[in-house]
Amino acid sequence: MTLQEHSNDAEVRSARVNFAQAAPKAFKALIGFDAAAREGLDPALVELVQIRSSQLNKCAYCLHMHTSDAHKAGESAERLHMVAVWEEAAHFFTAKERAALALTEAVTLVAQGGVPDEVYERAARHFEEAELARLLALIFTINTWNRIAISTGKVPGTDER
């Protein structure tokens, strides 16, 4: 893609709706839901879940935001590079993180086979019921944020929160 094509693509994207301004009640409700979901969850786990969902949904905007946030919070570049291949690089992640990543994939790709019992049961072994519910809520919210960013043409690297 040439610089001119990229510039034209960015111009097209900027013409899309600003969701936060056009639907402020929905936007604020989602922010509240997101904050409630994160409550009590390990911040590193939160970023890993958000990164994996954003990878699966091909949301460059959210992927850039959450990898940057994770790096600023002290997450190693090595682990961040391994999120996309976490199953093959299992030794980089704890059993609890792997259970959360498996659940993230199943929920994010729910149309491709639902949430298998073994994936859910694995997560349930590592998370207390209330924590598991918040983890599910986190997965729901990042999937929603991904869809908002992709649909409204958010440009990666702009970090418009």
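Before reading further, recall that the structure is shown in the block above.
Calculation criteria
Residues numbered from 1 in each chain as written. Predicted model: local features only at pLDDT ≥ 70, side-chain atom pairs only at ≥ 80, totals over all residues. Heavy atoms only, no water. Helix = DSSP H or I, 4+ residues; strand = E, 2+ residues; numbered from the N terminus. Rg over C-alpha atoms; globule rule 2.2 N^0.38 Å. Buried < 20%, exposed > 50% of the residue type's maximum accessible area, 1.4 Å probe, protein only. Contact = heavy atoms within 4.5 Å. Core = buried A, V, L, I, M, F, W, Y, C linked by side-chain atoms within 4.5 Å. Phe/Tyr/Trp six-rings, centres within 6.5 Å; stacked < 30°, edge-to-face > 60°. Patch = residues over 30% accessible without salt bridge, like charges linked within 9 Å, V, L, I, M, F, W, Y side chains within 5 Å. Areas by Shrake-Rupley, 256 points an atom, 1.4 Å probe, with all protein chains shown as cover. Salt bridge = Lys/Arg side-chain N within 4 Å of Asp/Glu carboxyl O. Axes fitted to C-alpha atoms, helices over the stretch in contact; angles between N-to-C directions. Parallel < 35°, antiparallel > 145°, perpendicular 65-115°, else oblique. Left-handed = near helix turned anticlockwise from the far one by under 90°. Nonpolar A, V, L, I, M, F, W, Y, C, P; charged D, E, K, R; others polar.

**Student:** Help me out: how do you make sense of the overall build of the protein in this one?
**Tutor:** Along its length, the protein carries nine helices and zero strands. Order of helices (α) and strands (β) in the protein, N terminus to C terminus: α-α-α-α-α-α-α-α-α. Whereas a compact globule of 161 residues would reach a radius of gyration of roughly 15 Å, the protein reaches 16 Å, a difference of no more than 12%. Based on the C-alpha atoms only, the size of the protein along its principal axes is roughly 50 × 35 × 35 Å. Buried residues in the protein amount to 38% of all 161 residues. Sequence-distant contacts in the protein: of pairs separated by 6 or more residues, those separated by 24 or more amount to 69%.

**Student:** Looking at this structure, how should I read the nonpolar core?
**Tutor:** As a rule of thumb, nonpolar side chains are buried together in soluble globular proteins. In terms of nonpolar packing, the biggest core is built from 27 residues, with Val49, Leu103, Leu135 and Leu138 touching the most fellow members. At the level of secondary structure, the elements contributing two or more residues to this core comprise α4 (43–57), α7 (95–108), α8 (117–126) and α9 (129–151). If you look at the next biggest cluster of nonpolar residues, it comprises ten residues, including Leu30, Cys62, Met65 and Ala149.

**Student:** Please explain the packing of aromatic side chains as it appears in this structure.
**Tutor:** Working definition: an aromatic ring pair is given by the centre-to-centre distance plus the angle between the planes. Within this structure, the stated rule accounts for two aromatic pairs. Judged by centre distance (5.6 Å) and plane angle (75°), the rings of phenylalanine 27 and tryptophan 145 are edge-to-face. Of this pair, phenylalanine 27 sits in helix α3 (residues 24–38) while tryptophan 145 sits in helix α9, placing them 118 residues apart in sequence. Comparing phenylalanine 27 with tryptophan 145 shows no difference in burial state: the two are buried.

**Student:** Mind showing me how you'd approach a nonpolar patch on the surface here?
**Tutor:** Judged by side-chain polarity, Val110, Val115 and Tyr120 come together as a nonpolar surface patch covering roughly 230 Å² of accessible area. Of note, valine 115 is situated in the loop between α7 and α8.

**Student:** Before we go on, may I ask you to explain the side chain of glutamate 131 in this structure?
**Tutor:** The residue glutamate 131 is located in helix α9 in this model. We classify glutamate 131 as buried; its relative accessible area is 15%. Apart from the residues within four sequence positions on either side, glutamate 131 is in contact with Gly40, Leu41, Lys96 and His126.

**Student:** Sorry if this is basic, but what is going on with the packing of α8 against α9 here?
**Tutor:** The angle between the axes and the distance between the axes are what describe a pair of packed helices. Running from N to C, α8 and α9 point in directions that differ by 125°, and their axes come no closer than 8 Å. It follows from the interaxial angle that α8 and α9 lie oblique. The crossing of α8 and α9 is right-handed. Contact with α8, carried on its side by Tyr120, Ala123, Ala124 and His126, involves Glu131, Leu132 and Leu136 of α9 and no other residues of that element. Residue composition of the contact of α8 with α9, by class: five nonpolar, one polar and one charged.

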